[in-house]
Amino acid sequence: MNEQQVGDSLPDQEHHEGGFRPMSELINAREEQGADITRGGPHYGEFVEQVRGLMDRARLASPTDELALDAIGILKQLNDKLDAAVVNEWSTPTWTRFDLPARGNITLPPFMIDHADSSGVDARLTFRTYHLGGNNAAHGGQVAVGFDDLLGMAAAMHAGSITRTASLTVDYRSVTPLNTELKVRAWAERQEGRKVFVRATMHDGDRLCAEAHGLFIVLKPGQA
């Protein structure tokens, strides 16, 4: 995402209470029409990638007792170390790391934004092994997660304000493959007051994998 694409979709001074109270860094980023991509440091992207790799392996792992106990010990030590780095949700890098796939958000299928403005969002998204549903296909719930985040971005860009999902319907048209770069297009069809009606498609090449439509609501100042 470039600085023009960040714009009014970031929290501002009005959203100072509830679920979307702002972080000072984001307020400054908005005022400067840019984004802070330094939070988490220069190695944050590789940190996230290694965690994703662990999730991929854990999804298919069938460890021996010895390996399981060894891994549990290592993970306990790692979790103890990471305790010292835990911050609240308003200070996490995932709000601002637009230089990383899915903003560095480990809970989302990784995607990169090619274009985003009030007319819509174009992204490249890849479901990894961790997102397996069965028979080398992405889990339907993970498809919905990908749609939800990108539709929310499209709604926010269109409305120029923060939005929250009111409803989301996904139609699965064909198998959505893993470890394949997919094209996602999300856009707002219309806005009626605080209601933003959105649509999206997900393609593997020319093949339509899934499509979605939904309703997002523009939040009032301080509304969670």
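Sequence order as written defines the numbering, with residues in each chain counted from 1. Whole-chain, interface and lining totals are the exception, using all residues; otherwise, since this is a predicted model, local features are given only for residues with pLDDT of at least 70 and side-chain atom pairs are given and counted only at 80 or more. With hydrogens and water stripped out, all remaining heavy atoms of the structure feed into the side-chain values.

**Here's the deal with the sheet that holds strand β8 (residues 207-218)**
Turning to step 1, where the next piece is worked out: In space, the 6 strands of this open sheet follow the order β1-β2-β6-β7-β8-β5, with antiparallel pairing throughout. Since the sheet does not close on itself, it has two edges, and those belong to β1 (111-117) and β5 (163-172), each with one partner. Taken pair by pair, the neighbouring strands of this sheet meet at an average axis angle of 20°, ignoring direction.
Turning to step 2, where the next piece is worked out: Strand pairing follows a simple DSSP-based rule, namely that at least 2 bridges must link the two strands. Put simply, DSSP marks the helices as runs of H or I at least four residues long and the strands as runs of E at least two long, and each gets a number from the N terminus on. Examined bridge by bridge, strand β6 (residues 182-192) and strand β7 (residues 195-204) share 9 bridges and lie antiparallel to one another. Each axis is a line fitted through C-alpha atoms, taken for helices only over the stretch in contact, and angles between the N-to-C directions span 0 to 180 degrees.

**Considering the side chain of histidine 131**
Turning to step 1, where the next piece is worked out: Here histidine 131 is to be found in the loop between β2 (120-125) and β3 (132-134).
Turning to step 2, where the next piece is worked out: Per-residue accessibility, obtained with a 1.4 Å probe over protein chains only, is compared with the maximum for each type, and a residue is labelled buried under 20%, exposed over 50%, and partly exposed between these values. Residue histidine 131 is classed as buried on the basis of its relative accessible area of 3%.
Turning to step 3, where the next piece is worked out: Should any heavy atoms of two residues lie within 4.5 Å, those residues are considered in contact. Among all residues touching histidine 131, those that are not within four sequence positions of it are Leu108, Pro109, Pro110, Ala137, Ala138, His139, Gln142 and Leu178.

**Some remarks on the confidence of the model for the protein chain**
Turning to step 1, where the next piece is worked out: Per-residue confidence from the predictor is reported as pLDDT, which spans 0 to 100. Of the residues in the protein chain, 83% have a pLDDT of 70 or more, and the chain-wide mean is 87.
Turning to step 2, where the next piece is worked out: Confidence over residues 1-9 falls short of pLDDT 50; this stretch has 24 contacts with residues more than four positions distant or in other chains.
Turning to step 3, where the next piece is worked out: This stretch, residues 12-31, has a pLDDT under 50; its non-local contacts, to residues over four places away or in other chains, come to 53 contacts.

**Describing the nonpolar core**
Soluble globular proteins tend to bury their nonpolar side chains together.
Turning to step 1, where the next piece is worked out: We call a set of buried residues a nonpolar core when its members are Ala, Val, Leu, Ile, Met, Phe, Trp, Tyr or Cys and they connect through side-chain atoms within 4.5 Å of each other. Ranked by internal contacts, the top residues of the largest apolar core, which has 34 residues, are Phe111, Ile113, Phe127, Val143, Phe147, Leu150 and Leu151.
Turning to step 2, where the next piece is worked out: Elements with a minimum of two residues in this core: β1, β2, α5 (140-159), β6, β7 and β8.
Turning to step 3, where the next piece is worked out: Residue contributions to this core peak at 9 residues, all from α5.
Turning to step 4, where the next piece is worked out: Non-local contacts of phenylalanine 147, meaning those with residues more than four positions away in its chain, are made with Val170, Val184, Ala200, Thr201, Met202, Ala210, Glu211 and Ala212.

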